[in-house]
Amino acid sequence: MRTKLFIKNSIVILVTKVLCYLAEFVARTVLIRTLPMEYVGVTGLFTNILTVLSLSELGFGTVLVYSMYVPIAQNDEEKLLALTTFYKKVYRIVAMLVAIIGGVVTPFLPYIIKDCPDLPGLSLFYLLYLANTVLSYTFTYRQSLFLADQKMYVTNFYSNLLHIMRTVAQIVVLVTLHNFTLYLLIQLPFTLCTNLLLSHKAKKAYPFLTSGKRPTLSSDEKTSIFKNVYAMFYHRLGYTVANFTDNLLISFFLGLTAVSQNSCYTLLITFLKSVINPLFSSLNSGIGNYYATKTKEETYSLFNLLYFAGFWFYTFCTISFFLLVNPFISFVWGDAFLFPLSVVLLISANFYVSGVRMITVTFKEALGILYQDRYRPIAESLLNLLLSILLVRFWGISGIFAGTLISMLSTSLWVEVRVLFHYGFQRSAKPFWLGNVKYLAAGVSSFALTFLCSLPFDLPPLALIGTRILLCLTIPNLFFLLFFHRSKELRNLIDILKGVLRK
């Protein structure tokens, strides 16, 4: 059953996310063609600001899903109803906090943007983004039941379908009216409709939500939830600073033009993550159930298998991104949006490191190991900000990405593994790190080989992109097949893939 749900979730997420970001890609292209470059920077900057403000959510959403695993498995409808009622109240407070804090930020926008351009309606644009963020918290508490019940395909299908419809409407507005205000205003009804629709679907799928009963959580249960929220907040803080403050720093130190350039790379990175990450995070509830019903040894074997698959997949994606991103941006949006190859290498390295951490993070969350490394994200956040601010003065935009990379390597990458192995598997992590030496050697070798093979080709843009796609599809994967052909992980992975294809 878990395998079938994973396959269903993966297919729906993959297809709808690809369609969703194809629409986003077209919208970004139309935006670049119809409005000045600074408007692209505005979209990236305001999105980052509001992501940081969304820290006021404190991680309640993740904790809510985690709290529902056992009641879902036991079909405890009263407990599930009590949890959704509790989180309904929480999200009302969160929406109010985001609205208030976001409103207070408005007068300071000119100070956040270096050499702030004279864009008419800058504050209005920000307030429309803020309104959309506040609306995103309405009627969302019931959707968590789908996530806890391993039915992410429901939320992804409808939310992405409406997202595509919204993006198409925005494209029409840009092409016909060239009106950025209306472009942003369209977001509001679609965000509200998405949440109302998913709330309605949840009530149909889980009829107890409309039973009229109002059970409440005990004080001990609330204490346990707030303890996990307390720990999750630190993790969200570290993740947000590592992934969503770059545009803030770029805007403050380098201006909106650099933000516009970075936004193009961010769009493509976000597309990759939005397609890849859910494939791994959709394993969360399945891993939690597996851990509850199997031995620690079996869970450890599952971790090794999934980590190997994640390493292979993220190495392939990183090599492909590095070799394809600049030719693609040059062809579609123009050379004005290009970063030097050294900057692209740092962006690719950040993508890779955050990617290979996904399996470790997924296991930690599925096993409920949140509290034990609660201070790690704080250390990462402070180090990230300190290094980025220091290095940007010497290396420009490269310094910001280098600060992010150094902070991840020196904190999260090893602390998360140590905590998972100590509290989850209760064994030494030394064999894991020895295995990673082999993985790193294979990854670097395949990267260097693919890059060297791409150098002789000096072709027109489309031909160059096509040639590099072929190189990325063949060289890294053939290299890994030869390098790991005797490994237990590869044999097990092939057996699982055969079983999936038969199903």
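Presented here is a report on the structure given in the accompanying data block. Keep in mind it's a predicted model, so treat the numbers as computed, not measured.

### Focus on the packing of aromatic side chains
- Summed over all chains, the structure comprises 46 aromatic pairs.
- A centroid spacing of 6.4 Å and a plane angle of 65° characterise the contact between Phe339 and Phe401, whose relative ring orientation is edge-to-face. Placement of Phe339 in the loop between helix H15 (296-332) and helix H16 (341-356) and of Phe401 in helix H19 (residues 397-425) is noted, with a sequence separation of 62 residues between them. The pair formed by Phe339 and Phe401 is uniform in burial state, with each residue classed as buried.
- On the numbers, 5.1 Å between centres and 75° between planes, the contact of Phe432 with Trp433 is edge-to-face.
- With relative accessibility at 6%, the residue Phe432 sits in the buried group.
- The ring of Tyr300 is capped by Arg427, whose NZ or CZ atom sits 3.8 Å from the centre of that ring.

### So, the nonpolar core
- Among the nonpolar cores identified, the biggest contains 142 residues, and Phe46, Tyr87, Phe180, Ile225, Phe303, Trp333 and Phe363 are the most heavily contacted of them.
- No other element matches the 19 residues that H15 contributes to this core.
- Once residues within four sequence positions are removed from consideration, Phe303 is found in contact with Ile359, Thr360, Phe363, Leu420, Phe421, Phe425 and Phe432.

### Notes on the pattern of salt bridges
- Applying the stated criterion across every chain yields a total of 6 salt bridges.
- Linking Arg376 and Glu416 is a salt bridge whose minimum nitrogen-to-oxygen distance equals 3.2 Å. On the criterion of sequence distance, the pair formed by Arg376 in helix H18 (residues 376-395) and Glu416 in helix H19 is long-range, its members being 40 residues apart. Glu416 matches Arg376 in its accessibility class, with the two residues each being buried.
- Each of Arg357, Arg376, Glu380 and Glu416 takes part in salt bridges that share partners, so that together they form one network.

### As for the environment of Phe244
- As for its placement among the helices and strands, Phe244 is situated in helix H11 (residues 219-244).
- In this structure, the C-alpha to C-alpha distance between Phe244 and Leu50, residues 194 residues apart in sequence, is 9.5 Å.

### Considering helix H17 (residues 358-366)
- Of all 9 residues in H17, 7 are buried; the element is thus mostly enclosed.
- Taken as a whole, H17 has its buried residues at Met358, Ile359, Thr360, Thr362, Phe363, Lys364 and Ala366.
- Trailing H17 by a residue or two, Gly368 shows a phi angle of about 75°, which is positive.

### Remarks on a nonpolar patch on the surface
- Among the surface-exposed residues, Ile93, Met96, Leu97, Ile100, Ile101, Val104, Phe108 and Tyr111 lie close enough to one another that they form a single nonpolar patch of about 830 Å² accessible area.
- For the nonpolar patch, the element with the most residues is helix H4 (residues 77-105), which contributes 6 residues.
- Turning to its location among the elements, Phe108 is positioned in the loop between H4 and helix H5 (109-112).

Calculation notes
- Residues numbered from 1 in each chain as written.
- Predicted model: local features only at pLDDT ≥ 70, side-chain atom pairs only at ≥ 80, totals over all residues.
- Heavy atoms only, no water.
- Phe/Tyr/Trp six-rings, centres within 6.5 Å; stacked < 30°, edge-to-face > 60°.
- Helix = DSSP H or I, 4+ residues; strand = E, 2+ residues; numbered from the N terminus.
- Buried < 20%, exposed > 50% of the residue type's maximum accessible area, 1.4 Å probe, protein only.
- Lys NZ or Arg CZ within 6 Å of the ring centre and 35° of its normal.
- Core = buried A, V, L, I, M, F, W, Y, C linked by side-chain atoms within 4.5 Å.
- Contact = heavy atoms within 4.5 Å.
- Salt bridge = Lys/Arg side-chain N within 4 Å of Asp/Glu carboxyl O.
- Patch = residues over 30% accessible without salt bridge, like charges linked within 9 Å, V, L, I, M, F, W, Y side chains within 5 Å.
- Areas by Shrake-Rupley, 256 points an atom, 1.4 Å probe, with all protein chains shown as cover.

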